[in-house]
Amino acid sequence: LTDNGARDTNADWSPDGSRIAFASSRDGNMDIYTMDADGSNQVNITNSSEGSNFNPDWSPDGTRIAWEKCLLSGCADSDVYVMDADGGNAINLTDSPDWFDAWPDWSPDGRRIVFSSTRDGDFEIYAMNADGSEQVNLSLHEANNGWPSWRPIPE
């Protein structure tokens, strides 16, 4: 679908299956792009001149995308952001200097986001409200805990 010489990674389908969000280095910096399911209409929606952008995750209603933005080399400092699906209204939800906050995943109802963070010394799993409030450590474990994901409740 992307067929270019760049690194294209971290693809995520929109809830209705009509669009795909992904990270790409095609413009020289890792940015978040969206495209139609057939690969057409590829658009850079972060257009970032600093840092790298990874791991996009569509909200359940398809109106917003959460993602990880790395500000330092090697992603020693990264934060979880959210934006409108067209790239507008980007907001830093974790704003955590010197910590690695990454791998966001929306809850099935769209009210919360789970992510991993190094703010407690190793990777822990946190959850927060979709506006970034009430950040809570869920794992409280001495081992590294990464790549969190919500499991839908069976009907």
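See the structure above.
Before going into details, it helps to say that this report is about the structure given with it.

Details of the nonpolar core
Reasoning step 1: The biggest cluster of nonpolar side chains holds 12 residues, and these are Ala21, Ala23, Met30, Ile32, Ile45, Phe54, Trp58, Ile65, Trp67, Cys70, Tyr81 and Met83.
Reasoning step 2: The element that contributes the greatest number of residues to this core is strand β6 (residues 64–70), accounting for three residues.
Reasoning step 3: Every residue in contact with Met30, bar those within four places of it in the chain, is listed here: Arg7, Thr9, Ala23, Ser24, Ser25, Gly51, Ser52, Asn53 and Phe54.
Reasoning step 4: Listed in part, the 10 residues of the second largest apolar core include Val82, Trp106, Met128 and Ala130.

Quick look at the sheet that holds strand β8 (residues 91–92)
Reasoning step 1: The sheet built from four strands is open, its strands ordered β5-β6-β7-β8 with antiparallel pairing. Single-partner strands in this sheet number two, and they are β5 (52–58) and β8.
Reasoning step 2: In this structure, β5 lies alongside β6, joined through five bridges in antiparallel fashion. Across the sheet, residue Ser52 finds its bridge partner in β6, namely Cys70.

Some remarks on the sheet that holds strand β12 (residues 136–137)
Reasoning step 1: Strand order in the open sheet formed by four strands is β9-β10-β11-β12, and the pairing between neighbours is antiparallel. Here the strands that pair on one side only, and so sit at the sheet edges, are β9 (101–106) and β12.

Focus on the pattern of salt bridges
Reasoning step 1: Under the criterion given, the structure shown has four salt bridges.
Reasoning step 2: Across the pair Asp8 and Arg26 runs a salt bridge, and its minimum N-O distance is 3.3 Å. Of the two residues, Asp8 is situated in strand β1 (residues 8–13) and Arg26 in the loop between β2 (19–24) and β3 (31–36); the sequence distance between them amounts to 18 residues.
Reasoning step 3: Judged by relative accessible area, Asp8 falls into the partly exposed class, the value being 25%.
Reasoning step 4: The exposure class assigned to Arg26 is partly exposed, which follows from its relative accessible area of 26%.
Reasoning step 5: Between Arg111 and Asp109 there is a salt bridge, with the nearest N and O atoms lying 3.0 Å from each other.
Reasoning step 6: According to the relative accessible area criterion, Arg111 is exposed, its value standing at 60%.

Cut-off values and rules
Residues numbered from 1 in each chain as written. Predicted model: local features only at pLDDT ≥ 70, side-chain atom pairs only at ≥ 80, totals over all residues. Heavy atoms only, no water. Core = buried A, V, L, I, M, F, W, Y, C linked by side-chain atoms within 4.5 Å. Buried < 20%, exposed > 50% of the residue type's maximum accessible area, 1.4 Å probe, protein only. Helix = DSSP H or I, 4+ residues; strand = E, 2+ residues; numbered from the N terminus. Contact = heavy atoms within 4.5 Å. Pairing = 2+ DSSP bridges. Salt bridge = Lys/Arg side-chain N within 4 Å of Asp/Glu carboxyl O.

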